[in-house]
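Observations on the three-dimensional arrangement
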Amino acid sequence: MIGILDSGIGGVTVLREILKQNIHAKFIYYSDSKNNPYGDKSEDEVYSIVKTIVDYLLDKGCVAIVLACNTASAICVKRLREEYPDTLFIAIEPAYKMVHDYNPNGKTLVMATEGTINSEKFLTLFNKYDNHKTILLPCKGLAELIEEGNEVKIDRYLDDNLSKYKDIDIDNVVLGCTHYPLIKKNIRRVLGDVKFFDGSLGVSKELVRQLELRGITFDNKSYSVEFIDSSGNVSKENRFKELMSSDE
Ligand code: DGL
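This text gives an overview of the structure that appears in the document.

Here is what the cut-offs are and how they apply
- Counting restarts for each chain: residues are numbered from 1 in the order of the written sequence.
- In view of the model being predicted, local features appear only for residues whose pLDDT reaches at least 70, and side-chain atom pairs are presented and counted only at 80 or more, with totals across whole chains, interfaces and linings using the full set of residues.
- Only hydrogens and water are removed before side-chain values are computed, so all heavy atoms of the structure are retained for them.
- Segments assigned H or I by DSSP are reported as helices when at least four residues long, segments assigned E as strands when at least two residues long, and all are numbered from the N terminus.
- The globule rule used for comparison is 2.2 Å times the number of residues to the exponent 0.38, while the radius of gyration itself is calculated over C-alpha atoms.
- For the exposure calls, accessible area comes from a 1.4 Å probe over protein chains only, and a residue counts as buried if that area is under 20% of its type's maximum, exposed if over 50%, partly exposed in between.
- By the convention used here, residues are in contact when the closest approach between their heavy atoms is within 4.5 Å.
- For every accessible area listed, the method is Shrake-Rupley and the probe measures 1.4 Å; residues are considered covered only by the protein chains on display.
- This count recognises Lys and Arg as positive and Asp and Glu as negative, with His and chain-terminal groups excluded.
- Each charge is placed at NZ for Lys, CZ for Arg, CG for Asp and CD for Glu.
- Axis definition: a line fitted to C-alpha atoms, over the contacting stretch in the case of helices. Angles run 0 to 180 degrees between N-to-C directions.
- Roughly parallel means an angle under 35 degrees; roughly antiparallel means over 145; roughly perpendicular covers 65 to 115; every other angle is labelled oblique.
- In this scheme the handedness of a crossing depends on how the near helix is turned from the far one: anticlockwise by less than a right angle means left-handed, clockwise means right-handed.
- Lys, Arg, Asp and Glu make up the charged group, whereas Ala, Val, Leu, Ile, Met, Phe, Trp, Tyr, Cys and Pro make up the nonpolar group; the residues left over, Gly among them, are polar.
- Strand pairing is defined by DSSP finding a minimum of two bridges between the two strands.
- Disulfide: a pair of cysteine sulfur atoms within 2.5 Å of each other.
- Note on terminology: near, applied to a residue and a molecule or strand, indicates that one of the residue's heavy atoms is within 4 Å of it.
- Any pair of N or O atoms that falls within 3.5 Å is considered a polar contact. Within protein, one atom must be able to donate a hydrogen and the other to accept it, and sequence-neighbouring residues count only if both atoms are side-chain atoms.
- Crossover handedness is defined by viewing with both strands directed away from the observer: a clockwise path from the first strand over the helix to the second marks the crossover as right-handed.

1. Observations regarding the overall build of the protein
Counting its regular elements, the protein contains eleven helices and nine strands. Here the C-alpha atoms of the protein give a radius of gyration of 17 Å, agreeing with the 18 Å that 2.2 N^0.38 yields for 248 residues. With the principal axes as the frame, the protein shows a C-alpha extent of 55 × 40 × 35 Å. Counting every position in the protein, which comprises 248 residues, the buried fraction comes to 51%. Within the protein, counting contacts between residues at least 6 apart in sequence, those at least 24 apart form 79% of the total. For the protein, the exposed area adds up to about 11500 Å²; of that, 47% sits on carbon and sulfur atoms. Charge centroids of the protein, computed over 32 positive and 38 negative side chains, lie 3 Å from each other.

2. Quick word on the packing of helix 1 (residues 12-19) against helix 10 (residues 200-213)
For the pair helix 1 and helix 10, the least separation of the axes is 8 Å and the interaxial angle reads 50°. Between helix 1 and helix 10, the angle is such that the two are oblique. The way helix 1 lies across helix 10 gives a crossing that is right-handed. Every residue of helix 10 that contacts helix 1 at T13, V14, E17 and I18 is listed here: S200, L201, V203, S204 and L207. By residue class, the composition of the contact of helix 1 with helix 10 is five nonpolar, three polar and one charged.

3. Thoughts on the sheet that holds strand 7 (residues 172-175)
Sheet strands pair via backbone hydrogen bonds, and the direction of the pair is either parallel or antiparallel. Read across the sheet, four strands follow the order 6-5-7-8 without closing on themselves; strand pairing throughout is parallel. The sheet is open, and its two borders are formed by strand 6 (134-138) and strand 8 (195-197), each paired with just one other strand. Strand-to-strand twist of the sheet, defined as the mean angle between neighbouring strand axes without regard to direction, takes the value 20°.

4. Some thoughts on the sheet that holds strand 2 (residues 26-31)
An order of 4-3-1-2-9 is seen for the five strands of this open sheet, with the pairing classed as parallel. Either end of the sheet is taken by a strand with one partner, and the two such strands are strand 4 (88-91) and strand 9 (224-229). Across the sheet, the axes of successive neighbouring strands diverge by a mean angle of 20°, strand direction being ignored. As defined by bridge partners, strand 1 (residues 2-6) adjoins strand 2 across five bridges and the pair is classed as parallel. Among the inter-strand pairings, G3 is bridged to a residue of strand 2, identified as I28. The strands touched by helix 11 (residues 234-244) are strand 2 and strand 9; relative to strand 9, the strand with the most contacts, the crossing angle is about 145°.

5. Quick notes on the state of the cysteines
All told, the structure shown has zero disulfides when counted by the stated rule. Summary of cysteine pairing: C69 is not part of a disulfide, and the nearest cysteine sulfur, belonging to C177, is at 6.7 Å.

6. As for the site of the ligand
As a matter of local geometry, the ligand sits amid 14 residues, with S7, Y38, N70, T71 and H179 nearest to it. One of the side-chain nitrogen or oxygen atoms of D6 is found 2.9 Å away from a nitrogen atom of the ligand. The separation between an oxygen atom of the ligand and a polar main-chain atom of G39 is 2.8 Å. In terms of residue class, the shell around the ligand is built from five nonpolar, eight polar and one charged.

7. Notes on the environment of S245
Here S245 shows up in the segment after helix 11. What makes S245 exposed here is its relative accessible area of 64%. As for S245 and G232, which are separated by 13 residues in sequence, their C-alpha atoms are 22 Å apart.

8. Quick look at the pairing of strand 1
Most of strand 1 sits inside the fold, with five of its five residues counted as buried. Across the two faces of strand 1 the burial is the same, with I2, I4 and D6 and G3 and L5 all buried. Viewed along the sheet, the connection from strand 1 through helix 1 into strand 2 turns out right-handed. Alignment of strand 1 against strand 3 (residues 64-67), held across four bridges, turns out to be parallel. Pairing of L5 across the sheet is with L67, part of strand 3.

9. Some points on the pairing of strand 4
Every regular strand shows the same layout, with side chains that alternate between the two sheet faces. Examined bridge by bridge, strand 3 and strand 4 share four bridges and lie parallel to one another. If you follow I65 over to strand 4, its bridge partner there is F89.

This is the structure in structure tokens:
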């Protein structure tokens, strides 16, 4: 069994990519909407929340855990690997290196939570590949609006926070929160035809690589996905299923 966790339904953008890799495992997706958002919480608070979920997933029998949340990854993965040395953790990160590889001189906007942007893990990555044409934009409150699924509020938020970048012709947008790939069309409405980068493909490939490296295989004929939401709100599962079968 493989556990996937996020502070809500955003990690669906990662799970969809993972499922394309043909891993015939049972997946358990843990949506922690009760504690959403992680992005505004202190590092200790996020760690303690994530550790509880990790313990739960390990009790269920997970052999690998994917942190399908940039904030949780940035804050927790180092500590988790120290505390659970036998567990395989796969962690997403904002795809800033991908921008460096594809378009190193492009004007780039990095959108992520405050927790991710201020983390040591992200700042180390950023300083390594900084092209001096990059804007770091902490998007406080945006993941909550996406979680809520309110298009009007999302568009208003993007108008208020992105319009100022309209005239500088941004080339690349790093979607540094797993919720943000769900609003690509809303972002394009404000910024025009930008190129998007996110960490979901990198994480999926790393999961396959690590499973192979450790000789972990699964006997099932196909994959299956179990969904759990910490708030117990049934509408979350419906939204999750809807997003699983869409390209949004
Ligand atoms: N989906 C999350 C991320 O990738 C977290 C959003 C939040 O809970 O603030 O950072």
